[in-house]
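Read off the chains here:
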Amino acid sequence: MYRIAPSILSANFAKLGQEITDVIDSGADIVHFDVMDNHYVPNLTIGPLVCEAIRPVTDAMIDVHLMVEPVDRIIPDFAKAGANIISFHPEASNHIDRTIGLIKEQGCKAGLVFNPATPLHYLDHVLDKLDLVLIMSVNPGFGGQKFIPEALNKLRAVRKLIDASGRDILLEIDGGVKVDNIAEIARAGADTFVAGSAIYQAGKDADPHRYDSILAAFRAELAKV
Ligand code: DX5
Ligand code: ZN
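Structural notes, computed from the coordinates. (Residues numbered from 1 in each chain as written. Chains lettered and ligands numbered in written order. Predicted model: local features only at pLDDT ≥ 70, side-chain atom pairs only at ≥ 80, totals over all residues. Heavy atoms only, no water.)

## Digging into the site of ligand 1
So, step 1. Close to ligand 1 lie 20 residues, the nearest being Asp34, Gly141, Asp174, Gly196 and Ser197.
So, step 2. Between ligand 1 and the protein, one listed contact pairs an oxygen atom with a side-chain N or O atom of Ser7 at 3.0 Å.
So, step 3. In this structure, an oxygen atom belonging to ligand 1 sits 3.4 Å away from a side-chain N or O atom of His32.
So, step 4. Compared with its free state, where it exposes 390 Å², ligand 1 has 100% of that area covered by protein.
So, step 5. Counting atoms within 2 Å of the grid points, the majority share of ligand 1 lands in the largest cavity.
So, step 6. Contributing elements (two or more residues each) for the shell around ligand 1: β2 (30–36), β3 (61–67) and β8 (192–195).
So, step 7. The element best represented in the shell around ligand 1 is β2, accounting for 3 residues.
So, step 8. Looking at the shell around ligand 1 residue by residue, the class counts come to 8 nonpolar, 10 polar and 2 charged. (Near = heavy atom within 4 Å. Polar contact = N/O pair within 3.5 Å; in protein donor to acceptor, adjacent residues only side chain to side chain. Areas by Shrake-Rupley, 256 points an atom, 1.4 Å probe, with all protein chains shown as cover. 1 Å grid on protein atoms, 1.4 Å probe; cavity = no way out; pocket = protein on both sides within 12 Å on 5 of 7 lines; lining within 4 Å. Sits in = over half its atoms within 2 Å of the grid points. Helix = DSSP H or I, 4+ residues; strand = E, 2+ residues; numbered from the N terminus. Nonpolar A, V, L, I, M, F, W, Y, C, P; charged D, E, K, R; others polar.)

Spelled out as structure tokens, the structure:
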């Protein structure tokens, strides 16, 4: 029931296809794809062309996390490029319900992302349209930051809302997830875990698929929950 979603932000971009194949063959579930625009967040990463390029490399779901503003114009491009889930930040959309509708019209699952200081009231009237809620446990823009513990309280609150809705909505956490905190995060209600630096910095040449040991360590922690 737990899904691990390595963020390719921390992968070796010179070998991106291999990095994705390796991490999925090592037991990861979802490819987390961080899109930054140097406007909504102070960093610049990858766009639809890279999504299209990696699509044939894996059957795993591609989970596109849009940290861009404006958001609507780029959504169809990611849908065409093979994204399965598209998530956006409410602050980056003038019309949140419309943006959710646009993602669904394009045949993708829709997610709403909450920065550390973004209140959960944005869920009030749209939870029944969402397939994923993403709680940021760092301020977006960079990999390798420290987990902000207040995110645990947010996870507990959203877990209650999701359970009360009776709908199948993923509760994803993103930022500072490590082997030593993933169990606590799962106990707070997350079921889907983004991890970038913790996974991609732990590759081992001796592992059959490079990331087997680190993914096994994550799974072992989750098994304790
Ligand atoms: C941050 C991104 C994250 C990031 C996570 O803005 O959304 O997905 O890559 O990296 P780690 O796991 O290193 O905190
Ligand atoms: Zn992300």
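Here the narrative resumes.
## Topic: the coordination of the zinc ion (ligand 2)
So, step 1. Distances from the zinc ion (ligand 2) to its protein donors, His32 (NE2), Asp34 (OD), His65 (ND1) and Asp174 (OD), fall within 2.0 to 2.3 Å.
So, step 2. Classification of the site at the zinc ion (ligand 2) as octahedral follows from its 6 donor atoms and the range of 69 to 170 degrees in their angles at the metal.
So, step 3. As a motif over one chain, the donors of the zinc ion (ligand 2) read H-x1-D-x30-H-x108-D. Of the two residues, His65 sits in strand β3 while Asp174 sits in strand β7 (residues 170–174), which places them 109 residues apart along the sequence. Side by side, His65 and Asp174 carry an identical accessibility label, which is buried. (Donors = N, O, S within 2.8 Å, 3.2 Å for Na, K, Ca; no water. Tetrahedral: all angles 85-135°; square planar, octahedral: opposite > 155°, others 65-115°. Buried < 20%, exposed > 50% of the residue type's maximum accessible area, 1.4 Å probe, protein only.)

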